[in-house]
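Here is how the chains run, residue by residue.
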Amino acid sequence: MEYLVIQTCLVVLFAAMVQATTGFAFGIILMMFFPLVFSVPESMWIVNVINLVTVSAITFQHRRHIVFRLVWIPLGLSILGNYIGLSNMIGFNRELGIKIVGAALFGLAMYFLFFSKKVRIEANQWTAAISGAVSGLMGGFFNMPGPPMVLYYSVAIKEKEQYIATIQFMFMFSTIYRVFFLVNKISPDPKVYTLVPYAIGSALVGILLGKYIFNKMSGDWIHKAVYSLMVLFG
């Protein structure tokens, strides 16, 4: 158990640092790790509980820069997508779930490493709605809601403070929905509850480190590190 606590703290620390620096990837990084230890639904449970603390803290740090007008359409469609994804995720076979998560990680990594800079979407109501819906489905099925919203907000918002604030605000509310859904549907292994305090403490430290990095650099290098890890774990 002690070894699992240490592993969890290190992974959560890194994931929170990346989230605070780039605006996403917390769920992606933790879903590389937890399904190797717990079932996919249990992994979703602990990741979302920790993630709620993480995105709320980052949102509070950048609260003055939120662009509210760019939140509501993707958020509304994201909630719908989350409901569909979560409803179908419950009861998934563990081995099948791990294979699906692995394929999703590998596919996303390939896209971001080789194609993301070649694909640019327009920032309008249609792309906001589509990005929100796909983000919700990916959040509900795999707890990986970030990539579609990164595609949208990286085009819709150019100023990095506004980008990080707005995307975290959107993720905060979609994560609240997932937490309420999972808490009412899943009773995790007791070890999951034991890990939560350690994980939250590590997340808060990671946020502080990520904030320092965010203020110093663009974060491109850490993107590449995350994508390489996604390929490996996938």
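That block above? That's the structure.
First things first, this report covers the structure right here in the doc.

Definitions and cut-offs
- For every chain, the first residue of the written sequence is number 1, and numbering continues from 1 along that sequence.
- The predicted origin of the model limits local features to residues at a pLDDT of at least 70 and limits the giving and counting of side-chain atom pairs to 80 or more, whereas totals for whole chains, interfaces and linings rest on all residues.
- Just so you know, side-chain values use all the structure's heavy atoms and leave hydrogens and water out.
- Each helix corresponds to a stretch of at least 4 residues labelled H or I by DSSP, and each strand to a stretch of at least 2 residues labelled E; elements are numbered beginning at the N terminus.
- Note on exposure labels: buried denotes an accessible area under 20% of the residue type's maximum, exposed denotes more than 50%, and partly exposed covers the range between, all computed with a 1.4 Å probe on protein chains only.
- Every residue pair with non-hydrogen atoms within 4.5 Å of one another is taken to be in contact.
- Calculation of accessible area relied on Shrake-Rupley with a 1.4 Å probe; when residues are assessed, cover is drawn exclusively from the protein chains displayed.
- Angles here are taken between N-to-C directions and fall from 0 to 180 degrees, while the axes themselves are lines fitted to C-alpha atoms, restricted in helices to the stretch in contact.
- Crossings are classed by handedness, with left-handed meaning an anticlockwise turn of the near helix from the far one by less than a right angle and right-handed meaning a clockwise turn.
- The residue classification treats Ala, Val, Leu, Ile, Met, Phe, Trp, Tyr, Cys and Pro as nonpolar and Asp, Glu, Lys and Arg as charged. All others, Gly included, are polar.
- What we call a nonpolar core is a set of buried Ala, Val, Leu, Ile, Met, Phe, Trp, Tyr and Cys residues that are connected through their side-chain atoms within 4.5 Å.

Now for the overall build of the protein. Tallying secondary structure elements over the protein gives ten helices and zero strands in all. Within the span of the protein, comprising 234 residues, buried residues form 53% of the whole. Within the protein, contacts between residues separated by at least 24 positions form 84% of all contacts whose residues are at least 6 apart in sequence. Approximately 10700 Å² of the protein is accessible, and the part contributed by carbon and sulfur atoms is 68%.

All right, on to the packing of helix α3 (residues 40–61) against helix α8 (residues 160–185) then. Following both chains from N to C, one finds α3 and α8 inclined at 150°, their axes separated by 8 Å at the closest point. By crossing handedness, the relation of α3 to α8 is classed as left-handed. Side by side, α3 and α8 meet where Met44, Trp45, Asn48, Val49, Asn51, Leu52, Val55, Ser56, Ile58 and Thr59 of the first sit next to Ile164, Gln168, Phe169, Phe171, Met172, Thr175, Ile176, Arg178, Val179, Leu182 and Val183 of the second. Here the residues of the contact of α3 with α8 are counted per class, giving 14 nonpolar, six polar and one charged.

Turning next to the side chain of Asn143. Structurally, Asn143 is set in the loop between α6 (125–142) and α7 (146–156). You can call Asn143 buried: its relative accessible area is 1%. With residues near it in sequence (within four places) discarded, Asn143 still touches Gly27, Ile28, Met31, Met44, Val47, Asn48, Met138 and Arg178.

Let us now look at the nonpolar core. Counting residues in each nonpolar core, the largest one holds 65 residues, and the members touching the most others are Phe34, Trp45, Ile46, Met144, Tyr153 and Leu182. Among the elements that make up this core, the one with the highest residue count is α8 (ten residues).

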